[in-house]
Amino acid sequence: MGKIFDINAVFTSIPSLLKVLPVSLQITFISMIVGLVLGLILAIIRMKKIPVLSQIVTVFISFIRGTPMIVQLYLTYNGIPLLLRFINEQYGTNYNINHLPAMLFVLVTFAINESAYNSETIRAALQSVNKGQIEAAESLGMTYLQVLRRVILPEALVVAIPPLGNALIGLLKGTSLAFVAGVIEMTAQGKIISGSTFRFFEVYLALAFIYWVLTIIIEQVLRYLEKRFSIPDPGPANTIRGRWFSLGKREI
């Protein structure tokens, strides 16, 4: 009779799981970067209340936030081939529907999902910037893009880092759904290993340990970034009155 629990199976599973770690990280960071760019665009559209586009974006965000990720993955997995087939029939193109990479469906789904959630985070961060600073920058003749780059984004970044960091951690753990589209990432690799060794608990314990360590690393990086970009609180010495008082003390 075999062992009920084999600790060696935990450690022997880790190298095999780590072989596909780059796949999980690729999905995480590419989706996050694209999601941030799209999220910023969506947030600006809603803040500027651009006619028609603002309403479309609002419905889009509501739909994405109101449906499960796995359902969105199925929609993308089946929807992109339908779209390409429609384009082929309408415009006489010859896109190969049967040879689309599985990673494409995953990246599109995750990037769109992140853009919807990130847009709300970014919008809240942008709206937290003091309007007086924006008006002062505009009075100097800056365009909106210049104000956005030099004033709004640097201050909004400090507010947005914690929630965006949580979104990044959630995205990393969400990559476990990529196996639905046929992408072999860490969770799919865990299924393959446990299916061949029948050490399901041990393999998933090793998988949980890897995700845990990755989360801790991301948390430490985020804490560093928070400190790096945080705006120091102006103490008495940094105010006009404080500088005058300090100067007076030195003169005395």
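Each remark here, short or long, concerns the structure printed above.
Residues numbered from 1 in each chain as written. Predicted model: local features only at pLDDT ≥ 70, side-chain atom pairs only at ≥ 80, totals over all residues. Heavy atoms only, no water.

Asker: So, the environment of I97: which residues are in play, and what are the values?
Answerer: The topology assignment puts I97 in the loop between α4 (69–91) and α5 (102–127). I97 gets classed as partly exposed once you look at its relative accessible area, which sits at 25%. A sequence separation of 17 residues divides I97 from E114, and the C-alpha atoms of the two residues are 26 Å apart. Apart from residues lying up to four places away in sequence, I97 is in contact with P81, L84, R85 and N88. (Helix = DSSP H or I, 4+ residues; strand = E, 2+ residues; numbered from the N terminus. Buried < 20%, exposed > 50% of the residue type's maximum accessible area, 1.4 Å probe, protein only. Contact = heavy atoms within 4.5 Å.)

Asker: How would you summarise the nonpolar core if you had to cite specific residues and measurements?
Answerer: Counting 47 residues, the largest nonpolar core has I27, V106, I152 and M186 as the members making the most contacts within it. Elements supplying a minimum of two residues to this core: α1 (7–18), α2 (21–48), α4, α5, α6 (131–139), α7 (144–174), α8 (186–197) and α9 (200–229). The element that contributes the greatest number of residues to this core is α7, accounting for 13 residues. Filtering out sequence-adjacent residues up to four positions away, I152 remains in contact with L126, V129, I134, Y144 and V147. (Core = buried A, V, L, I, M, F, W, Y, C linked by side-chain atoms within 4.5 Å.)

Asker: Residue-level account of α1, with values.
Answerer: In this model α1 runs 18 Å from its N-terminal to its C-terminal C-alpha over 12 residues, within 8% of the 16 Å that 1.5 Å per residue would give. Taken as a whole, α1 has its buried residues at A9, V10, S13, I14 and L17. For α1, the arc enclosing every buried residue in end-on projection is 150 degrees, short of the 170-degree limit, so these residues lie on one face. Across α1 from its buried face, at more than 90 degrees, point the exposed residues F11 and T12. In the core, the buried residues of α1 are packed alongside α2, α8 and α9. Of the residues flanking the start of α1, the one acting as N-cap is D6, its side-chain oxygen 3.1 Å from the backbone nitrogen of N8. (Expected span 1.5 Å × (residues − 1). Arc of directions from axis to C-beta. Polar contact = N/O pair within 3.5 Å; in protein donor to acceptor, adjacent residues only side chain to side chain.)

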